[in-house]
Amino acid sequence: MCGKQHTELGVERLVEKLCRKCSLSLTEYELLVAQRTPKIAQQLAARAVEVRKRVYGTKVFTRGLIEASSYCKNDCLYCGIRRSNCAARRYRLSPDEIVECANNGYELGFRTFVVQGGEDPFFTDDVLCGVVSRIREAHPDCAVTLSFGERSPQSYARLRAAGAERYLLRHETASPELYARWHPSSMSFDNRMRCLGELRAAGFAVGAGFMVGAPFQTAADLARDLKFIELFRPEMCGIGPFIPHHATPFASYPSGSVELTCYVLSIVRIVVPNVLLPATTALGTIDARGRELGILSGANVVMPNLSPVAHRKDYDLYDNKICTGEEVAECRGRLGARMLSIGYQLVVDRGDVAPLSQTNRFETREEQRHGRSI
Ligand code: 5AD
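The sections below set out a description of the structure shown in this document. Everything quoted here is computed from the prediction, not taken from an experiment.

## Description of helix H9 (residues 219-232)
- The end-to-end C-alpha distance of H9 is 20 Å, a good match for the 20 Å that 14 residues give at a rise of 1.5 Å each.
- Here H9 has its buried residues at Ala219, Asp221, Leu222, Ala223, Asp225, Leu226, Lys227, Phe228, Ile229, Glu230 and Phe232.
- Note on H9: the residue one or two positions beyond its end, Arg233, has a positive phi of about 50°.

Structure follows, in structure tokens:
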């Protein structure tokens, strides 16, 4: 048997083990990533889709994304709205404008609103709590998700009490060394991880997530992300390729690939069967069929943009971001048609995370822990 076939067999065994145990060691995750082949990727995607269909059928949940502010006090080296980018056009929506976006979205069939922004000091707890309670009062059948970065446990508790049920805070990378290369020294890996724990303690459904193919990232780093996801078990996980932004220190690095991003999506679907997994805008940006490929790799969420068209171009995290010109209705309509074309349906639904009991091949977590080992 030649070397390549030998390796492929080894990796196939890892796929089997992953599907059986929803867990691998760090070294195994690294091998699974580093030694992937197109054939393995196909097998993994088929298993991920099987899991996804068992849990969520062929439904695709939508979230209406409202980009509330492009002001940010942080200076992440990869991000186009980083503080040091003097060329960035900054805007912020007023609370009235945010509520208006949600109202429009409701008419179009959205039942979850993700209000997201840079770390903009304008959005104090009072302001955000006001926005959340107004949306919840106007649309009691909808969920509000927030994504406003690192805040205090007291702040998270207040936002939760105001009616926000979900919070997205990508961990970006689970490797402290890599985190330090992607961020200024004023930002701390430990604090980011602490925030994720505090969000959970405050009672949020928590979204973690990471970039794929960003500068200096290796298979060993991705293995750490996968291990982190396995252990933390976030309710949501946002995974997108890195895409350079021309006015950042990472301008000259290449984009992450659709292929590796989809591969990682498949692994995450198998590791956390009921995770809410978006086919991200970044994935749709690096490939015209990126979001379809994401769904066909195990993703089950899409997040069309509800922000006013006038500001869309200015929420400029990376170059060539898609959907910056389309009206919302148009965007949702087209996306719906694209999903139908691959056998999936956009649904009008809050799209809560499915309870674990109905999702796992093992009856209980207990049984899973003591489950068959190889
Ligand atoms: N490429 C891809 N994703 C990016 N993000 C920020 N900048 C980039 C980029 N250049 C992602 C980060 C952040 C989210 C809001 O957008 O993961 O958490």
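Now that the structure is up, let's keep going.
## As for the packing of helix H5 (residues 125-138) against helix H6 (residues 153-161)
- In the contact formed by H5 and H6, the axes pass within 9 Å of each other and the chain directions differ by 20°. Here H5 lies roughly parallel to H6, going by the angle between them. Like other packed secondary-structure pairs, H5 and H6 cross with a definite hand, here right-handed. In contact with Asp125, Asp126, Leu128 and Cys129 of H5, H6 contributes Ser155, Arg158 and Leu159.
- Residues belonging to the contact of H5 with H6 are distributed by class as follows: three nonpolar, one polar and three charged.

## Structural notes on the sheet that holds strand E3 (residues 112-117)
- Taken together, the six strands give an open sheet; going across it, the order is E2-E3-E4-E5-E6-E7, and neighbouring strands pair in parallel fashion. In this open sheet, the two strands that pair with only one neighbour each are strand E2 (64-69) and strand E7 (236-241). Recorded for the sheet is a direction-independent mean angle of 20° between the axes of neighbouring strands.
- For E3 and strand E4 (residues 143-147), the ladder comprises five bridges, and the chain directions are parallel. Note that in E4 the partner of Val115 across the bridge is Leu146.

## Some points on the side chain of Ser297
- For Ser297, the position within the fold is in the loop between helix H12 (290-295) and strand E8 (301-302).
- The class for Ser297 is buried, based on a relative accessible area of 7%.
- For Ser297, the side chain forms a polar contact with the main-chain oxygen of Leu293, separated by 2.7 Å.
- When sequence neighbours within four positions are dropped, the list of residues in contact with Ser297 reads Ala45, Ala48, Val49, Cys262, Leu265 and Ser266.

Each value, and the rule that gives it
- Residues numbered from 1 in each chain as written.
- Predicted model: local features only at pLDDT ≥ 70, side-chain atom pairs only at ≥ 80, totals over all residues.
- Heavy atoms only, no water.
- Helix = DSSP H or I, 4+ residues; strand = E, 2+ residues; numbered from the N terminus.
- Expected span 1.5 Å × (residues − 1).
- Buried < 20%, exposed > 50% of the residue type's maximum accessible area, 1.4 Å probe, protein only.
- Axes fitted to C-alpha atoms, helices over the stretch in contact; angles between N-to-C directions.
- Parallel < 35°, antiparallel > 145°, perpendicular 65-115°, else oblique.
- Left-handed = near helix turned anticlockwise from the far one by under 90°.
- Contact = heavy atoms within 4.5 Å.
- Nonpolar A, V, L, I, M, F, W, Y, C, P; charged D, E, K, R; others polar.
- Pairing = 2+ DSSP bridges.
- Polar contact = N/O pair within 3.5 Å; in protein donor to acceptor, adjacent residues only side chain to side chain.

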